[in-house]
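Chains, contacts and geometry: an overview
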Amino acid sequence: MFPNGVGEYVDLMQDLIPEMKDGTVRTAIDTGCGVASWGGDLLDRGILTVSLAPRDNHEAQVQFALERGIPAILGVISTQRLPFPSDSFDMAHCSRCLIPWTEFGGIYLMEIHRILRPGGFWVLSGPPVNYERRWRGWNTTKAKDNSCYEKLARDTYPPKCDDSLEPDSGWYTPLRACFVVPDQKYKKSGLTYMPKWPERLHATPERVTTVHGTSTSTFSHDSGKWKKRIQHYKKLLPDLGTDKIRNVMDMNTVYGGFAAALINDPLWVMNVVSAYGPNTLPVVYDRGLIGTFHDWCEAFSTYPRTYDLLHLDGLFTAESHRCEMKYVLLEMDRILRPGGHAIIRESAYFVDAIATIAKGMRWGCRKENTEYGVDKEKILICQKKLWQSSNKGSR
């Protein structure tokens, strides 16, 4: 894939796209990622990449990437939108990914257009690539404003999507042969106007106002709250913040505060936002973090035993009317590595019931107080054990 190594490949790319060096580009998606070598190299350079590949019986590429400690999920551009909001990624990449970009009226490229931030870069590479002669092919970005869209004739193909299709809808939403025009109200969501990393992490995103009941003060309060919580978590789970925990999932994030408070630790966090709750995922991406939509009544798009730590905050309180607790816990058991941990922050009403089911899965759990020491909310610190069924019980 990279004859001279992925490092030299990215070095050449950075020479052509200087924004990869100065903190402008922070989030990326690699479609058809293989074993996620590109995303792994960028991770060392401060660029957080979602490596995306379909399930492969022969190579299990996503599983291999996660075993290496690189962010990756199972996914394919086919008939439905990818589980991300619009204007999420600063860069999209495809290196010999075999996606037929020009087929079906270019519908797959329109999906990349939807999730790519205005001013963001789309990189398409494949043999033969002569960087010196073809460098202008790399100097292609999504339009920085809407002026070019306004000049298009009405009968232009592909057409602009009408108002009936929500741009941020990314859960079981069919692909359509139309392109999404960025909302002019949120000009600061364009890459040109975004604060550079790491200032971007703590700046209040413009799109926070799209979340009902949210304001700048709400966002700031959430950030401060999670700093205090993480300090408490590290006392309860000393492995957190060390090289023993690498792949982490926040199962029901709001603004990515959990991940932001861990930003200086040697780990990465997959932020999951409920497909049926308030859409805060654009805020997560505007902060320079990564995440996905999901419904915990279903299995998550990953292989078994791929995460070292799962964190949830009130998930069962919010979703118990929709999803049975035991099935969510069984899915957590599937994706958690043996020896991995779960931090379950829940109301006292659910904690005992969760502990009972966890015991049946042979997890070791202990109940702890929150940092505030209140009775109405408790924390379960659980560890998945490595065990094998006995021969006697196998008949």
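Presented here is a report on the structure given in the accompanying data block. Computed from a predicted structure; not experimentally measured. (Residues numbered from 1 in each chain as written. Predicted model: local features only at pLDDT ≥ 70, side-chain atom pairs only at ≥ 80, totals over all residues. Heavy atoms only, no water.)

What to know about the sheet that holds strand 6 (residues 247-250)
Judged by pairing direction, the sheet is mixed, and its 7 strands sit side by side in the order 8-7-6-9-10-12-11 without closing on themselves. Across the chains shown, the open sheet's two edge strands, defined by having one partner strand only, are strand 8 (291-294) and strand 11 (363-369). Averaged over all adjacent pairs, the angle separating strand axes in this sheet is 20 degrees, with direction ignored. Here strand 9 (residues 307-313) pairs with strand 10 (residues 336-347) via 6 bridges, running parallel. Opposite L310, over in strand 10, you have A342 as the bridge partner. Sitting on the sheet, helix 12 (residues 348-360) is in contact with strand 10, strand 11 and strand 12 (377-384), with an inclination near 160 degrees to strand 10. (Pairing = 2+ DSSP bridges. Helix = DSSP H or I, 4+ residues; strand = E, 2+ residues; numbered from the N terminus. Axes fitted to C-alpha atoms, helices over the stretch in contact; angles between N-to-C directions. Contact = heavy atoms within 4.5 Å.)

Regarding the packing of helix 1 (residues 6-16) against helix 2 (residues 37-44)
Taken N-terminus to C-terminus, the directions of helix 1 and helix 2 make an angle of 65 degrees; their axes are 10 Å apart at the nearest point. Judged by the angle between their axes, helix 1 and helix 2 are roughly perpendicular. The handedness of the crossing between helix 1 and helix 2 is right-handed. Here V6, G7, Y9, V10 and M13 of helix 1 lie close against helix 2, whose contacting residues are S37, W38, D41 and L42. (Parallel < 35°, antiparallel > 145°, perpendicular 65-115°, else oblique. Left-handed = near helix turned anticlockwise from the far one by under 90°.)

Here we look at the packing of aromatic side chains
Tallying each qualifying case throughout the model produces 13 aromatic pairs. With 5.7 Å between their ring centres and 65 degrees between their planes, W268 and Y307 make a pair best called edge-to-face. Of this pair, W268 sits in strand 7 (residues 268-274) while Y307 is found in strand 9, placing the two residues 39 residues apart along the sequence. A relative accessible area of 3% places W268 in the buried class. Taking the centre distance of 5.0 Å and the plane angle of 90 degrees together, the rings of Y349 and F350 count as edge-to-face. Judged by relative accessible area, which is 70%, Y349 ranks as exposed. Judged by relative accessible area, which is 10%, F350 ranks as buried. (Phe/Tyr/Trp six-rings, centres within 6.5 Å; stacked < 30°, edge-to-face > 60°. Buried < 20%, exposed > 50% of the residue type's maximum accessible area, 1.4 Å probe, protein only.)

Concerning the pairing of strand 1 (residues 27-31)
Residues in a regular strand point their side chains to alternate faces of the sheet. Across the 5 residues that make up strand 1, a large majority, 5, are buried. Burial along strand 1 is two-sided: T27, I29 and T31 and A28 and D30, pointing in opposite directions, are all buried. In this sheet, strand 2 (residues 48-53) lies alongside strand 1 in parallel orientation, the contact comprising 5 bridges. When the sheet's bridge partners are listed, I29 is paired in strand 2 with V50. In this view, the connection linking strand 1 to its parallel neighbour strand 2 by way of helix 2 has right-handed handedness. (Right-handed = clockwise from strand over helix to strand, strands pointing away.)

Quick look at the pattern of salt bridges
The tally for this structure, following the rule as stated, stands at 26 salt bridges. With a closest N to O distance of 2.9 Å, R229 and D313 form a salt bridge. Of this pair, R229 sits in helix 7 (residues 216-236) while D313 sits in strand 9, and the two are 84 residues apart along the sequence. Overall, R229 belongs to the buried group, its relative accessible area being 7%. For the salt bridge of R366 with E368, the shortest nitrogen-to-oxygen distance reads 2.7 Å. Among the residues examined, E368 registers a relative accessible area of 22% and is labelled partly exposed. (Salt bridge = Lys/Arg side-chain N within 4 Å of Asp/Glu carboxyl O.)

Some details on the state of the cysteines
Enumeration according to the criterion identifies 4 disulfides in this entry. Each sulfur of the disulfide joining C161 and C178 lies 2.1 Å from the other. Taking the torsion about the sulfur-sulfur bond, which here is approximately 90 degrees, the covalent link between C161 and C178 counts as right-handed. Placement of the pair is C161 in the loop between helix 5 (147-150) and helix 6 (199-202) and C178 in the loop between helix 5 and helix 6, with a sequence separation of 17 residues. (Disulfide = S-S within 2.5 Å.)

Regarding helix 7
Compared with the 30 Å implied by 1.5 Å per residue over 21 residues, the 31 Å span of helix 7 between its first and last C-alpha is a close match. Looking at helix 7, one finds that the buried residues are F219, D222, S223, W226, R229, I230, H232, Y233 and L236. (Expected span 1.5 Å × (residues − 1).)

Here's the deal with the nonpolar core
Among the nonpolar cores identified, the biggest contains 88 residues, and F84, W101, M249, M251, W296, F316 and M332 are the most heavily contacted of them. Setting aside chain neighbours within four positions, we find F84 in contact with I29, V50, I73, F89, R114, I115, D168, G170, Y285, G291, T292 and F293. Among the nonpolar cores identified, the runner-up in size contains 16 residues, and Y9, L42, I47 and L191 belong to it. (Core = buried A, V, L, I, M, F, W, Y, C linked by side-chain atoms within 4.5 Å.)

Re the pairing of strand 2
Strand 2 sits mainly inside the fold: 6 of its 6 residues count as buried. Side-chain alternation along strand 2 places L48, V50 and L52 on one buried face and T49, S51 and A53 on a second face that is also buried. Looking at chain direction, strand 2 and strand 3 (residues 72-74) are connected through 3 bridges and run parallel. Considered in strand 3, the bridge of A53 is made with L74.

Observations concerning the environment of S220
Note that S220 resides in helix 7. With 37 residues separating them in the primary sequence, S220 and G257 have C-alpha atoms 9.7 Å apart.

A short note on the packing of helix 11 (residues 325-335) against helix 12
The geometry of helix 11 relative to helix 12 is characterised by a closest axis approach of 10 Å and an angle of 55 degrees between their N-to-C directions. Considered as vectors, helix 11 and helix 12 are oriented oblique to each other. The crossing of helix 11 and helix 12 is right-handed. Counted together, M325, K326 and L329 of helix 11 and F350, A353, I354 and I357 of helix 12 form the full contact between these two elements. For the contact of helix 11 with helix 12, a count of residues per class yields 6 nonpolar, no polar and 1 charged. (Nonpolar A, V, L, I, M, F, W, Y, C, P; charged D, E, K, R; others polar.)

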